[in-house]
Amino acid sequence: MNGYAGKILNVDLTAHEYSVIDTAKYEKWGGGHAIGSAIFWDLCKDKTIDGRDPRNVITIMTSPLTGTLVPSASGRVEVQGIGLQSYPVAWYTRSNFGGRLGGQLKSAGWDGIVLQGKSPKPVWIDILNDEVVFNDAADLWGTDTWTAQQKIWSKLGVERGVGDAWRQVSTKAKDGRTTQKPAILAIGPVGEAGSSIGALIHDAGNGGGQGGFGGVWGAKNLKAICIQGTGGVDVADPTGLIQARITAKEDWTANDDKGPENFASGFGQTVSPVAFWPMPTDGMRPQACQGCINGCRARYASGVGNESSCLETSVYMGYDIAKNGKPTAATYEGVDLLQSYGANAFEIKHGLGYIRALLEMGVLGKGKAIDSSLDYTQLGDTVFMEALLRAISDKMDIGADLQDGFIRAAEKWGRLDEDWATGALQFPYWGLPEHSYDSRAELEWGYGSIVGDRDINEHDFNRIFWENFLSAAKGYKPALTAEQYTALVVSKMKPLDPDPSMLDFSTENMYSEAIAKLVSWQRHYSRFWKQGALYCDFKYPDFENLNRPDASGLTGSGEPDFWNLVTGQDMTFEEGMELGRKVWNLDNAIWTLQGRTREMVHFAPYVHDTPMTMGEFGPNYVLPAKVDGKWEYANVAGRKIDRDGFEEWKDHFYSIEGWDKTTGWPTRPTLAELGLDDIADTLESAGKLGKEQ
Amino acid sequence: MSEQPKTDVREDGVTRRQFVKGLGAVSATAVFGGTILGGLLFPNGVMAIPASTGYLLVDMKKCQGCNTCMMACSLAHHGEQNLSLSRIQIVQDSWKGYPDDIGIEACRQCKDPKCVEACPTGAMHADADTGEVRLVDADKCIGCMQCVEACPHGSGRVIWNHEEGHAQKCDLCANTPFWDHKGGPGGTQACISVCPVNAIKYTDTLPGDDGYEVNLRGKGWAAIGLSTD
Amino acid sequence: MKPLMAPDEQLAQALREKVPYAERFTVYTVSGRGGMMATIAYSFVEVVGLMSVENGFLDPIALSVWVRDSYNDVELSERLETGCKAEPTLFGRMQVVRYLLQQRLAQCNELAVS
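Residues numbered from 1 in each chain as written. Chains lettered and ligands numbered in written order. Predicted model: local features only at pLDDT ≥ 70, side-chain atom pairs only at ≥ 80, totals over all residues. Heavy atoms only, no water.

Draft legend 1. Region of interest: the interface of chain C and chain A. Residue-level contacts link 33 residues of chain C with 43 residues of chain A. Summed over both partners, the interface of chain C with chain A comes to about 3100 Å²; 67% of that surface belongs to carbon and sulfur atoms. Taken as a group, C:Y21, C:R33 and C:M36 account for 29% of the area that chain C buries against chain A, more than any other trio of residues on that side. As a salt-bridge pair, A:E360 and C:K18 come within 2.6 Å of each other at their nearest N and O atoms. The interface formed by chain C and chain A includes 7 residue pairs in polar contact (both at pLDDT 80 or more). Every element with two or more residues in the side of chain C that touches chain A is listed here: strand 1 (25-31), strand 2 (35-41), helix 2 (44-50), helix 3 (60-71), helix 4 (74-85) and helix 5 (90-113) of chain C. If one sorts the elements of the side of chain C that touches chain A by residue count, strand 2 of chain C sits on top with 5 residues. Among the residues forming the side of chain C that touches chain A, the class breakdown is 16 nonpolar, 10 polar and 7 charged. (Contact = heavy atoms within 4.5 Å. Buried area = accessible area lost by both parts, 1.4 Å probe. Salt bridge = Lys/Arg side-chain N within 4 Å of Asp/Glu carboxyl O. Polar contact = N/O pair within 3.5 Å; in protein donor to acceptor, adjacent residues only side chain to side chain. Helix = DSSP H or I, 4+ residues; strand = E, 2+ residues; numbered from the N terminus. Nonpolar A, V, L, I, M, F, W, Y, C, P; charged D, E, K, R; others polar.)

Listed below in structure tokens is the structure:
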């Protein structure tokens, strides 16, 4: 089985035992999320259970590309299960993290890990090639994620630093040697409390933050999984893969010798740490997940902020500036605390915004309506971030109310309706925090999130926003006109006909069938190519690539070419899309069993009732749009999502997906077409099979 | 060396200057039962090893820690991506401050190769057919691991292949059964070809002891906002 | 750019105060790969701080209205409006905003010290 290790580790935490699932049983699903959902469907008999129930099945999946030379597809790992975070229902959901753990798991001979049950007491799992040992975690429980990882290294005789690093990994010669430190996924005190804000952390800054899986692990008494592997990953065509990797570097990417980056490109960017805090000036390097063609995080001379990237780096900065007038050490130290306590960056970032709003409204504080004795005068300093995370970890003070996130806390406080309507709670879909791509402007982001289970965190169609914004801000033109860009992108959106109106973000088009097709395409592409095959969202899809003479990126050919070089299969891009559609339907079947109905699928009130205003001279939200019949990059800020219009859009979407328009449930013909008759049978027995349309 | 060769040009075409400059030396008493190819035995029992005609230089401050070089190396040589079989090693500690968070351990093709000296069978040798690159003849390797232990550099650059039970090391991609490409001195190396940030460089000039770590960060790196010193 | 006139003590004091919750102001951080991140500011001082970072952006006309209505800083309001409307690019407008905001805050701080 080229690419695959051949075995999936099935852990029974209750009995501290494990068994082996033959990967071949699930190979038809491809990898990553697709295999994860298929396993969840089979093993989690009651999909309505709470995420903290021992019967919750958590999957941690790689793909055949993990641990291989496929550029920016070697390092990601997909985590799935019933979450804790979304509201009003904690949907079956997903998270994903990078780094080097996926590669170590494959090296150890495993394609993935399934976690079931609940350990009687805190445990950490030690995986060394084919040996799996359950260890008492009493001395680790209560430690932060960094201390826990370093303590496990110490227990295994692994030294810190980058000195003499070769070591025999066990007493058995066959296990071989490595210089690589064990790869560990751990929870911190926030996860140990079982909080929905709990995240999974690997190394310093790789985080599976969304969904509350840290809290699920806490409920299972699972502190950490440690992985060491000394085996290899076979591929069908080694020469072909090496050559394809070289070609990708030479012909499809920018690098420091070639010049500056272009934000519209996914794959074609140059290496560039993505951090929104002021970059330290005393030295840093870019740092990448295993196999990435151009890394996106960094390590710094001080060691503070190592491996945090993107949104994480902005979590505390605004609050630091509000208190101290400019970014101070708190901007960086606050984020390190987030990683070490193991907390969801988005939830804390916007949760702090909500806390500030409550303070300014005069309803939070000692003796106030929301009685809390934390010293809020320190909000913006490092000590406050620690105090808040400690309160959540210990379920003390306001931390007790925040166990299930800020939306449920607002509900407890009797403030949910009011604060959701005014936007004091910037949580637009399923009670989940805003991602900086306002649903009212960036339609596919909000729509894609609300028809699914979570904030999509998929940047496929908003790289052009970055490029447009920065070019407009600085007074230069983007490389492609709106008409050229939309024509290029839709040409790659196979199997759909290349209809440019799928990228018309104008207000006139915002509830159209074309926008529904856009969202549907993105759901299917993501479910297989990004979350199944595990091509990293930062690089794929590659629509516009300015390193190419025709500016056309590698999406459409790149994904299947690399997949086939590894697996020896003959998959086409369209076949991958169909596999994505299949697993998207499987996921919807799970949500249906969890209780989803069409009526639940709507945004927070402020999204429907309040326009996102932005004046002519301010930062515009610029996306392709047809204005008076002509394509341009237009400012689409200034509107809300009309409720009736959204219902019209849902009709289009459910129709395209072949789901029951009344309920949003999958129908038998659609499921049968995808070979999912058994799922149709299950839905029918539960009285939740959608009616044929 | 106590004596110089009597002619200006050796039989293999190497000039006297190159030979004198590039000679390494190992004790001939370390050799038994086998021969060292390309060496020259001096009357005092010192075995002179010709210098390699190719070397890898690394910029440890530029490396992004993606391990792509390691995957390419093991794939080209062994047909599998296996970090434990890679002849170049990237060692990392996520919590250390830059630049102490990454070390690149690449074979130096030493002028005085301790690994060659340590080998009892001559399996580890300077290979004349491939530009005097220090190589392991796996068929002659008896698995004593003396070469592995002998490498004096941090994270010894001679690798133990636990799957096949022999030593192996960087051969500058002279022998890559799974990569259809000309390697070795004068050819291309997998690690250099794939490195996303060009942190590895090839040279045919023997570096001094401090010369294996180089600064490969230029204007383009500065343009991204990264440090060039 | 022509400097602002020195504020009187009353204005300088007012500019150092917070505004009521209903008068909060939004500043954005916009960057490649970062999207448009909104941060709510509850005072003039906070707005200046949030704009001190290179990727801080805001609606300058809205700001002009805000400093006039919430702080009664008429001069700053007018200078923001005319200065920004004269700039062809958003980046240029934000340079104007930063200059005027930082100058005004420095003037207020000077008065506070003396």
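Continuing now.
Draft legend 2. View of the interface of chain A and chain B. Chain A puts 69 residues into the contact, and the matching count from chain B is 65 residues. Taking both partners together, chain A and chain B bury about 5100 Å²; carbon and sulfur atoms supply 52% of that area. Our count for the chain A to chain B interface comes out at 3 salt bridges. Viewed at the interface, chain B and chain A are joined by 39 residue pairs in polar contact (both at pLDDT 80 or more). Put simply, the parts of the chain that give the side of chain A that touches chain B at least two residues each are helix 3 (145-155), strand 10 (177-178), strand 15 (233-234), helix 6 (238-252), strand 16 (284-287) and strand 17 (297-300) of chain A. Each residue belonging to the side of chain A that touches chain B can be placed in one class, and the counts come to 24 nonpolar, 30 polar and 15 charged. Relative to strand 5 (residues 80-81) of chain B, strand 15 of chain A runs antiparallel, the two sharing 2 bridges. The partner of A:V233 across the bridge, within strand 5 of chain B, is B:Q81. (Pairing = 2+ DSSP bridges.)

Draft legend 3. Geometry of the pairing of strand 3 (residues 58-61) of chain A. All names here are of chain A. Here strand 3 shows a buried face lined by I58 and I60 and a second buried face lined by T59 and M61. Pairing analysis gives 4 bridges linking strand 3 to strand 6 (residues 112-116), with the strands arranged antiparallel. Within strand 6, the residue paired with I58 across the bridge is L115. As paired strands, strand 3 and strand 4 (residues 77-82) are joined by 3 bridges and run antiparallel to one another. Pairing of T59 across the sheet is with Q80, part of strand 4. (Buried < 20%, exposed > 50% of the residue type's maximum accessible area, 1.4 Å probe, protein only.)

Draft legend 4. Broad picture of the arrangement of the chains. Counting contacts across all 2 pairs of chains that touch, the top pair turns out to be chains A and B. Spatially, chain B and chain C are disjoint, and the shortest separation between their C-alpha atoms is 13 Å.

Draft legend 5. Broad picture of the sheet that holds strand 3 of chain A. All names here are of chain A. A sheet is described by the order of its strands in space; here 6 strands give the open sequence 2-1-6-3-4-5, paired in mixed fashion. Across the chains shown, the open sheet's two edge strands, defined by having one partner strand only, are strand 2 (17-22) and strand 5 (92-97). Across the sheet, the mean angle separating the axes of adjacent strands is 20° when strand polarity is ignored. In this structure, strand 1 (residues 7-12) lies alongside strand 6, joined through 5 bridges in parallel fashion. Along strand 6, the bridge assignment pairs I8 with G112. Against the sheet, helix 1 (residues 32-43) contacts strand 1, strand 2, strand 3, strand 4, strand 5 and strand 6, and its axis sits at roughly 25° relative to strand 4. (Axes fitted to C-alpha atoms, helices over the stretch in contact; angles between N-to-C directions.)

Draft legend 6. Just the packing of helix 17 (residues 513-530) of chain A against helix 18 (residues 558-567) of chain A, in detail. Residue and element names in this part refer to chain A. The interhelical angle for the contact between helix 17 and helix 18, taken along N-to-C directions, is 25°, at an axis separation of 12 Å. By the angle between their directions, the pair helix 17 and helix 18 is classed as roughly parallel. Crossing handedness for the pair helix 17 and helix 18: left-handed. Contact residues: helix 17 offers Y525, F528 and W529, while helix 18 offers E559, P560 and W563. (Parallel < 35°, antiparallel > 145°, perpendicular 65-115°, else oblique. Left-handed = near helix turned anticlockwise from the far one by under 90°.)

Draft legend 7. Geometry of the domain arrangement of chain A. Residues and elements named next belong to chain A. Assigned domains of chain A: these are domain 1 (7-161 + 170-228), domain 2 (265-422) and domain 3 (443-585 + 613-657). Taking only C-alpha atoms, the centre of domain 2 and the centre of domain 3 are 29 Å apart. In this assembly, 10 residues from domain 2 lie in contact with 11 residues from domain 3. Taken over both partners, the interface formed by domain 2 and domain 3 buries close to 940 Å², and the fraction arising from carbon and sulfur atoms is 59%. Counting the surface domain 2 buries against domain 3, the share from its top three residues, S265, G266 and F267, is 53%. For the interface between domain 2 and domain 3, the tally reads 0 salt bridges. (Domains from an automatic or database assignment.)

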